[in-house]
Structures are given as structure tokens and as C-alpha cells.
Amino acid sequence: MERPTRRRFLQAASMVTGGLLLSSSASSAASCESDGLFAPEDAWPAPQGTAGRTRATKAKGPSGPYLETQWTQGVREAGSPTIANGVVYFSDTISYREEGAVQAYDIESGKILWTQRDVRVKSGETVPIGAPVTPPVAFNNSLYFAGRGEKLQARSRLEGLAGIYALDAASGEVQWLRSDLTSRGGVEVIDGNVYFERGALDAATGETIWEVDESGELLGVAGNLAYFSYWDRTVERESIAARDTTTGKEQWRVEHADRVVGTAATSDTLYVTSKTSVENPSYAVYALSGTDGSVKWRSSAPIRGTAPTTTYTVGSISENEITVDRAPTISVPAVDESRAYVLTRSYAESWFPGPVMSESDYYDSESTLYAFDRSTGEEVWRFETPIQAEAAPTVADGIVYFVGNYKQTDAIYALDAETGKKCWLSAIPNHGWMNSSPTVVNNSIFTSAVDPMVGGKISKFESTECGESVPDKGARTVRNDSDSVANQTSLDASPASQSASSSSIKDTKHLRSRESGTPNAGLSPSAPDKSFSSTQKYDWRSPLTFIGGLGLSAGAYLINRSPLKGDD
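Reading the values: rules and limits
- Along every chain, residues carry numbers that run from 1 in the direction the sequence is written.
- Where totals are concerned, whole chains, interfaces and linings use all residues; where local detail is concerned, this predicted model gives features only for residues with pLDDT of at least 70, and gives and counts side-chain atom pairs only at 80 or more.
- No hydrogens and no water enter the side-chain calculation; it runs on all heavy atoms of the structure.
- Comment: elements are numbered from the N terminus, with helices defined as DSSP H or I runs of at least four residues and strands as E runs of at least two.
- Throughout this description, buried means an accessible area under 20% of the type-specific maximum (1.4 Å probe, protein chains only), exposed means over 50%, and partly exposed covers the range between.
- We get accessible surface area from the Shrake-Rupley algorithm with a probe of 1.4 Å; when it comes to residues, only the shown protein chains can shield them.
- Note on aromatic pairs: the rings of Phe, Tyr and Trp (six-membered ring only in Trp) are paired at centre separations within 6.5 Å, and the planes decide the class, stacked below 30 degrees, edge-to-face beyond 60, tilted for the rest.
- Any Lys NZ or Arg CZ found within 6 Å of a ring centre and within 35 degrees of that ring's normal is scored as a charge over the ring.
- Contacts between residues were defined by any pair of non-hydrogen atoms, one from each residue, lying within 4.5 Å.
- Following DSSP output, two strands are said to pair if at least two bridges run between them.
- Salt bridges are counted wherever a side-chain nitrogen of Lys or Arg sits within 4 Å of a carboxyl oxygen of Asp or Glu.
- Axis definition: a line fitted to C-alpha atoms, over the contacting stretch in the case of helices. Angles run 0 to 180 degrees between N-to-C directions.

Participant: Help me understand the overall build of the chain, please; the structure alone is not making it clear to me.
Facilitator: Check the secondary structure of the chain and you find three helices and 43 strands. Counting only residues that meet the buried cut, the chain has 60% of its 568 residues in that class. As displayed, the chain offers around 21,500 Å² of accessible surface, 47% of which is attributable to carbon and sulfur atoms.

Dropping the structure here:
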């Protein structure tokens, strides 16, 4: 009998213990300019590459055809490492408490250079630092991050101290701390300013440059705009706002019914991936004008393959059946000078020891990497594979990399960004699970993976001639051109791009005068995708008496952790 898959435990455990949320910043000395599309070639100064979160670089990655591990270090969290000045920086959470650490590794050897876990407050007391929301952002020999935890005035437990931190990149020493501020979306640093969910701070001193009363989630910074999302609980609607980076003055705001999954900001456009209602979900990518928030284009990103609702019989705990909804997922976007790249996945193979998937189940479950034209929203190509994508894509020097899993074997794809053709596919055996998005610097890939019950690891991979691949039977590239359209018969092509007049974005107000362009229209949501619908039933094959304790711990660990969301 095939080994139980490592992912099945948490999916079922979370259903028993209350449910699992499925859905996953640094300028170096050679920092990006405020309108920078690409991270520096010798650095990855933010968790998503740039302050705009474009997940793009002109650095060359591994040439393949396989990958070998150069070094590995143990960690407790998954996330895209930050790299600057020949040092790899990573943040970690200590157990399941709201306290953490920031660690520095030599990029060549993986040797730990320093670890920072504590901060000394004004009273002279030394307390744990708050658990970092994301890996730190590097800028001018300093590291910046937002830590979650307790406020200084209300410390009643030995939890980490919440706030926004600045550390010395060479030693890890705390340079300044704003314990009166938090930022659930992390921070971005650009042009000497630290941006967080309510404003901007001076990177050198931590002093406030501007602050607003409204608390949102930082989406990224590019050009002269900082983007935020706001959720109105009274009407259950989300809005996106753009603020002037210098003054904080709101320039425009748009409201829409879809939930924002992720964004990537360039100097003139904000690219957004979104999901509609839970009952009849559909997924889309759209582009908002940085000038006034109007919709440039909107394109559907259908989920391909099946997304079964699986029923498990759990006799050792309950005579009742447990239904696990393997929710489809869309990633945050990656953007280069020509295209926007987005991954979708029909479902994630859970890792609870139990039912064994058949070959047909694996091949019918699918991940799709879409490449959309940045100007028009037209689908240029898509790549379909039975391998289940686990994190957002990264585009580096004309190659798109993404991490996936096939039957307990982790793998990394490399696709030609221009054509969608597979360049190589390499297994990374025994790496872990819930891998982070790839960080690409100097012909190497850095990524992390974690199992909350046995620990995780951060690793550096380089090319090798001999290695292990994984089956990707049925994988194919579908191009939207005259030469290949005739061959697109086994799967329906995705719906044509929709213009602004058919988007679900609704304009609520514009605070900057328009010199050109048309207002956003009040638009209805796209029709639900109907490309996934099946139900399967399995009998449980493993004892579940340990589910309560492990399920609660693992479920708590992964709350708000999305495999495809990126690392914000």
C-alpha cells in the first residue's frame, strides 16, 4: 500500500478542531529606485523581491537540469528569505507563541552569523521580540520588520513585544523600536522611508513622517504611491486605496465585491488577484491604473482540474463522516516588463494519514501557471501540470520558477517566460512541505519548507547535471497564438479578457482630478467558474486518536498561512 501522504493530517484535523484557512520588503545597499520593477541582481531585499512586491529580478537562476542542495539550516516558519550584501536573512517564530527571532546566514556556507531574539526596553527589562509577520526588509545596512505579540503596556504573559523593529544588519542589534505600532501586512522600505499599515516612518530614526487614523493592510509601494486594502465589516466589502508616499494624502479609492488575494505594484499600475464568494468562487486578475484607480483590464483565471469535496469516515473518533473541502486557490502575481504571472491550483493534497489517492485523482488535480499581457490582459500562454503548486511564482532573467509537490516529492519548475515552454523540472527530495516561493540570486534558489510537528528548513539549491525528476504526465503549454490555437482541444481555453466595463470593480470616489480616462463602471461579478466539481469518498485507514492535540497545534500554526499567497 502506498504511504499515507504527509499532507492529509492537517486538513482533516482542522475540520475536527474548527477548520483550516488554506490560503500563504528589502532594499539593500544597492536598493531599487522608487519605481523599480526588478530586485537588484545580487540581492533579494524584500520577501517579495521589491517594495512593489513584483517577485521579479534580472538575476540569473540555476540553469538545471537538476538541483542539488548546497546547504540547509533548521527553521520553524516558511517564507521567502531576504538576501543583501552576501547574507541571507530569515525570521522565525518560537514554538506557537507570539515571539520570534531574526537570523543571518552566510550565503555561501549557510553558517549562522548571528541570531537576535530579545530587545531591551526603557525600563531595562529584556523581553522577546515579537513574532515577525514576514522575513525582514533590508535597506542601507539595516533590517526592518513588524512583529506581532503583546503591547508593552499590557504585558501579562511571556509573549513577544509587538511593534516595528529596526536591526543592525551586521550584528542584529536593535537600532530602534516603535512598540506603539503594528502592521499585519508587514513593512516595505524604499527611499529612506518605512511604510506600514497606517503610515510612514523615517528609516534612520523610526520617527513618524505621516500617519492616518484608518488601519488597513499594506499592499506595496511603487512610484509615488503606497497601496492599502481596507475591509468594511458593516457592509462586508473591501476597498483598495492609493496614498501619496510623501504626505499620506489619499489619491483614490475603489470598492469591489471580490476579496483581494494578492497584488504587485509597478510605477503606473497595480495588478490584483482576487476571489469571489465562497459559495460559487471564481478567480480573476485585473489591472488598476495608478493614476486614478480605474480598471485597465480584467481577465478570468479559471481553476482547471477537479477540486473534490472528500468525505472521510473517522471511526476511531466518531461514527460520523467528516467532509473536507479542498478549496481551489489563486496566487499573488509576479510581474516583469511584459507579463503578469499567476498560479492557480485545483486543490492541495492534504497530509493527514489516511485515504490513498489513485493515479487518476492525481492526474485530474491540476495547477495552472497563467501568463497575461501586462498591457491588454490577454492570456499569452498557460502551463498546466498535475503537480500541485505550493507557492507564488518568481520570474528571474526570463525564467519563471515555481515550487510544487507530487506524491510527497517536492519539485521546482523552470519555464521560459516568453513561451511557457518547460526548461527543466527537478525534484528536491526530503525538503519538507508547504514550501515558500523561490528567492533567486546569483544562479541559486533559496526556499524554505516547514512541518509544524517536526520542524522545517531553509535551503540553498544550485544546478547539477545528475539528479531526480518527478512525473508530470499530462503537463503541457497552451499558447494563445494562431499556430497553437488549433491544438487546444483537450481543455477549454480560458475566457477572453474582459474590459473595464465588465469588471466587478466599483468606483466609490476619486480624490485626484482626471485629465484622461473614464470612470470605473459599476460592474457585476464574473460568472462562477464551473471547471471543478466532483465528490469522492474514502474509508479512513489510520488511527486518529492523536488528532485532538496535534490538530489544534497544527491548525493554530497555519492560521492565515496560504501556500500561494506569498510571504506577506
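Participant: I would appreciate a short explanation of the packing of aromatic side chains in the present structure.
Facilitator: The geometry of two aromatic rings is summed up by the distance between their centres and the angle between their planes. Summed over the entire model, instances satisfying the criterion amount to 14 aromatic pairs. For the pair Tyr227 and Trp252, a centre-to-centre distance of 6.0 Å together with 55° between the ring planes defines the contact as tilted. Here Tyr227, found in strand 19 (residues 225-232), pairs with Trp252, found in strand 21 (residues 250-256); they are 25 residues apart in sequence, far enough to count as distant. Taking relative accessible area as the criterion, Tyr227 reaches 0% and is therefore assigned buried. Where Tyr370 meets Phe372, the ring centres are 5.6 Å apart and the plane angle is 15°; that geometry is what we call stacked. Under the relative-accessibility criterion, Tyr370 is labelled buried at 0%. Exposure remark for Phe372: the relative accessible area of 1% places this residue in the buried category. Through pairs of rings, three or more aromatic residues link up here, namely Tyr271, Trp297, Tyr370 and Phe372. Over the face of the ring belonging to Trp231 we find Arg259, whose NZ or CZ atom lies 3.9 Å from the ring centre.

Participant: Even after reading the chapter, I still don't get the environment of Lys421, so can you show me in this structure?
Facilitator: Along the chain, the position of Lys421 falls in the loop between strand 36 (409-416) and strand 37 (422-427). Residue classification places Lys421 among the exposed residues on the basis of a relative accessible area of 59%. Taking the C-alpha atoms as reference points, Lys421 and Val478, separated by 57 residues in sequence, lie 9.1 Å from one another. Excluding anything up to four places from it in sequence, Lys421 contacts Ala414, Leu415, Asp416 and Thr477.

Participant: Help me out: how do you make sense of the pairing of strand 32 (residues 379-385) in this one?
Facilitator: Here is the key point about a regular strand: its side chains alternate between the two faces of the sheet. With respect to burial, strand 32 is a largely interior element, six of its seven residues being buried. Summarising the sheet, strand 31 (residues 367-373) and strand 32 pair through six bridges and their orientation is antiparallel. Bridging across to strand 32, Leu369 finds its partner in Phe383. Taking the residues between adjacent antiparallel strands as the criterion, strand 31 and strand 32 are bridged by five residues, where Gly377 takes a positive phi near 80°. Examined bridge by bridge, strand 32 and strand 41 (residues 476-479) share four bridges and lie antiparallel to one another. Paired with Glu384 across the strands is Arg476, a residue of strand 41.

Participant: Whenever I open this one, the pattern of salt bridges confuses me. Can you help?
Facilitator: Pairing of side chains with opposite charge becomes possible as their charged atoms draw close. With the rule as written, the count across this model stands at 20 salt bridges. With a closest N to O distance of 2.4 Å, Arg198 and Glu211 form a salt bridge. You can see Arg198 sitting in the loop between strand 15 (193-196) and strand 16 (199-202) and its partner Glu211 sitting in strand 17 (residues 208-211), a full 13 residues away along the chain. A relative accessible area of 37% means that Glu211 is categorised as partly exposed. Linking Lys422 and Asp472 is a salt bridge whose minimum nitrogen-to-oxygen distance equals 2.8 Å. Placement of Lys422 in strand 37 and of Asp472 in the loop between strand 40 (455-464) and strand 41 is noted, with a sequence separation of 50 residues between them. Under the relative-accessibility criterion, Asp472 is labelled buried at 14%. Ionic contacts of the salt-bridge type, sharing partners, join the residues Arg304, Glu379, Arg382, Glu384 and Arg476 into one network.

Participant: What's the story with the sheet that holds strand 24 (residues 283-289) in this structure? I'm lost.
Facilitator: Overall, antiparallel pairing links the four strands, which are arranged 22-23-24-25 in an open sheet. Looking at the sheet topology across the chains shown, the edges are occupied by strand 22 (259-265) and strand 25 (295-300). On average, each strand axis in the sheet is inclined to that of its neighbour by 20°, with strand direction left out of account. Here strand 23 (residues 269-275) pairs with strand 24 via seven bridges, running antiparallel. Pairing of Thr273 across the sheet is with Val285, part of strand 24.

Participant: Can you walk me through the sheet that holds strand 16 in this structure?
Facilitator: Hydrogen bonds along the backbone pair up the strands of a sheet, which may run parallel or antiparallel. Pairing within the open sheet is antiparallel, and its four strands lie in the order 14-15-16-17. Where the open sheet ends on each side, the last strands, each with one partner, are strand 14 (188-190) and strand 17. Across this sheet, the average inter-strand angle for adjacent strands is 20°, counted without regard to direction. When strand 14 meets strand 15, the two strands line up antiparallel, connected through three bridges. Of the residues in strand 15, the one forming a bridge with Val189 is Val194.

Participant: Looking at this structure, I do not really get the pairing of strand 25. What am I missing?
Facilitator: Of all six residues that make up strand 25, five are buried, and the element is covered over most of its length. Inspection of the sheet shows strand 24 paired to strand 25 by five bridges, in the antiparallel sense. Opposite Leu288, over in strand 25, you have Val295 as the bridge partner. The hairpin formed by strand 24 and strand 25 contains five residues between the paired strands, and Gly293 there has a positive phi angle of roughly 80°.

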